[in-house]
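# Structural characterization, general
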Amino acid sequence: MTGKKVTRRKFVADTGKIGLGVMIVPRHVLGGVGYQAPSDTMNFAVVGFGGMGSENALELAKTENLVAFADVDFAFSEGKVAEKLKDGDKKDRPEGITLKQKFDKAARYSDFRAMLDKQKDIDGVVIATPDHLHAVVAKASMQSGKHVYVQKPLTYSVHEARVLRQLAISNPKIVTQMGNQGHSSDTARLVNEWIQAGVIGPVRAVDVWTNRPVVYWPQGVPLPTGSAPPAPPSSPFGHPFSFGYVNQLLASALGAYPVPPGLHWDLYVGPVAEDVPYHPIYHPFNWRGWIAFGVGALGDMGAHLIDHPFWALGLKYPTSIEATSTQWGTMPVPPDPKAPAGTREAKGYNKPVSYPVATAVHYQFPARGAQPAVKLNWYDGGLYPPRPDLLPDDVPLKSEGGVIFLGDKGILMHDTYGRNARLFPIGLTEDAALVPKSFARIPWSHEMNWVKAIKGETQASCPFEYAALLTETMLLGLVALRTGQGRKILYDGEQMLVTNIREANQYLTREYRAGWAV
């Protein structure tokens with residue numbers, strides 16, 4: 001034996017050159033108990049190895065073959081892999097050691113496009129970049145014939161969600177999955193069974209909340225300028241420290257920083273049309289709060305929390321959405337002397353650059369058959385929904401978030417990812433115990449569900465056909481928010497069109513840098 005690496009593609013190709021009799025030798029004879037033949041091993045790559053990319057790879061590397069990864073910051077990726085070598089008690093972590101071994105052998109690229117062009121042995125791609133790159137990488141991977149696993153939110157915009165959904169429908173052999181792991185949980189299926197069995201009666205409203213982004217990443221902050229602080233303005237109130245001036249001081253105090261060695265900032269910015277100078281407030285992790293790169297708390301936690309009512313109630317397109325929030329983070333845009341008189345461009349204005357700290361969004365969904373219309377209310381940034389009358393006084397609303405289904409007979413309440421489902425009044429628990437299991441449970445992790453689907457052993461839990469609809473609903477909350485407070489947008493989902501406020505349609509997509517359009 002030479003020890004030469006055999007890829008899955010080469011193994012499959014070579015089997016056509018030998019007699020079929022060889023192929024029926026029992027697997028345990030070839031490799032012992034628990035042996036996984038090369039033909040059963042998926043070659044996967046990761047784009048965006050820090051954060052969730054390394055977590056997904058940790059799970060997949062237990063049984064599958066990491067052949068390549070692409071990242072704009074190798075040092076950060078290496079650090080995330082090193083963190084996984086020990087557990088909380090500082091003991092060796094076998095799966096972390098396995099990941100490190102495979103990570104060190106994998107081909108590495110700073111540009112995912114070069115990886116897709118040169119690395120021909122990839123079966124599936126895990127995409128765990130910031131939100132603004134999800135659709136760009138997923139589309140390119142699917143057009144290359146790769147199966148894709150995309151971290152939530154599926155896309156940055158409604159337009160991108162439509163593009164990926166249509167690609168998935170047009171290419172049914174490509175297995176797709178969005179990385180909202182709670183969708184594969186037993187408790188998510190339990191919630192579906194209770195709701196669809198009518199345990200709490202017809203559901204007419206749902207309240208959803210999360211504490212993100214509080215304590216996780218900054219929002220509602222101005223764009224860093226790195227310039228000297230401005231002189232105090234005159235003020236009719238006797239002091240200059242208005243909200244606007246305080247933000248100017250903060251923007252200045254955030255300073256300016258050079259791009260760190262080894263960080264490919266131009267590739268990080270990717271499809272963003274405007275020039276965004278590097279600042280450590282964006283990378284790593286904090287990108288979520290910035291309009292250029294992320295979609296805020298709705299994108300981070302909506303895929304985990306809105307998912308369950310969206311699925312259990314059979315929702316599709318909302319017909320109206322309205323939103324309100326605290327202050328946006330902004331940057332000043334100076335007056336443009338060439339702009340038409342009276343316009344905001346002529347006067348100068350503050351351009352939103354980071355999402356508000358706290359947001360409330362209200363979605364109206366139409367009736368579906370015998371099911372009544374539903375109003376879904378979203379709260380983030382530490383805002384809570386009102387306590388239902390049926391909720392006992394000693395049951396707290398958890399700060400990290402949750403979901404409350406409000407039915408005609410009672411309420412169903414659960415935590416993030418569908419965990420800890422419970423019913424009120426308590427007597428409904430007896431009815432729930434009689435509900436049969438009608439949703440098949442998934443005995444593997446969300447990542448391995450995707451792998452098993454690729455191997456033809458099951459169906460993907462959260463394919464793009466569903467995930468894109470969920471993502472579109474989440475992002476419509478931001479469309480309404482950007483349209484303006486105190487306004488309701490009316491939405492025609494079949495046409496992907498805001499019908500009553502035409503200028504709102506600009507927020508269904510984004511402007512792309514040349515060569516990066518989706």
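Before reading on, note that the structure itself is shown above.
Residues numbered from 1 in each chain as written. Predicted model: local features only at pLDDT ≥ 70, side-chain atom pairs only at ≥ 80, totals over all residues. Heavy atoms only, no water.

### Concerning the overall build of the protein chain
- Summing up its helical and strand segments, the protein chain has 17 helices and 17 strands in all.
- For the protein chain, whose C-alpha radius of gyration is 25 Å, the value lies close to the compact-globule estimate of 24 Å for 518 residues.
- In terms of overall dimensions, the protein chain has C-alpha extents of about 90 × 60 × 50 Å along its principal axes.
- Taken over 518 residues, the protein chain has a buried fraction of 52%.
- Summed over its atoms, the accessible surface of the protein chain is roughly 23300 Å², and 56% of this surface lies on carbon and sulfur atoms.
- Taking the average place of the 53 positive charges on the side chains of the protein chain and the average place of its 48 negative ones, the gap between the two points comes to 5 Å. (Helix = DSSP H or I, 4+ residues; strand = E, 2+ residues; numbered from the N terminus. Rg over C-alpha atoms; globule rule 2.2 N^0.38 Å. Buried < 20%, exposed > 50% of the residue type's maximum accessible area, 1.4 Å probe, protein only. Areas by Shrake-Rupley, 256 points an atom, 1.4 Å probe, with all protein chains shown as cover. Lys, Arg positive; Asp, Glu negative; His and termini not counted. Charge placed at Lys NZ, Arg CZ, Asp CG, Glu CD.)

### Some details on the pattern of salt bridges
- Counting across every chain of the model gives 22 salt bridges.
- Glu503 is paired through a salt bridge with Arg487; the nearest N and O atoms lie 3.5 Å apart. One end of the pair, Glu503, is in the segment after strand E17 (497-498); the other, Arg487, is in the loop between helix H17 (464-483) and strand E16 (488-492), and 16 residues separate them in sequence.
- A residue is classified by how much of its surface remains accessible, and Glu503, at 43% relative accessible area, is partly exposed.
- With a relative accessible area of 33%, Arg487 lands in the partly exposed category.
- Taken together, the shared-partner salt bridges connect Lys152, Arg212, Arg288 and Asp300 into one network. (Salt bridge = Lys/Arg side-chain N within 4 Å of Asp/Glu carboxyl O.)

### Brief notes about helix H9 (residues 186-196)
- All of the buried residues in H9 are Ala188, Arg189, Val191, Asn192, Glu193, Trp194 and Ile195.
- Next to the buried residues of H9 lie strand E7 (203-210), helix H13 (307-312), strand E13 (401-407), strand E14 (411-415), strand E15 (422-424) and helix H15 (428-433).
- A positive backbone phi angle near 80° is found at Gly198, which sits one or two residues after H9. (Contact = heavy atoms within 4.5 Å.)

### Remarks on helix H8 (residues 158-170)
- The end-to-end C-alpha separation of H8 is 18 Å, in line with the 18 Å expected for 13 residues at 1.5 Å each.
- Along H8, the residues classified as buried are Val158, Glu160, Ala161, Val163, Leu164, Leu167 and Ala168.
- Those residues of H8 that are buried lie in contact with helix H7 (131-143), strand E6 (176-179), H17 and E16. (Expected span 1.5 Å × (residues − 1).)

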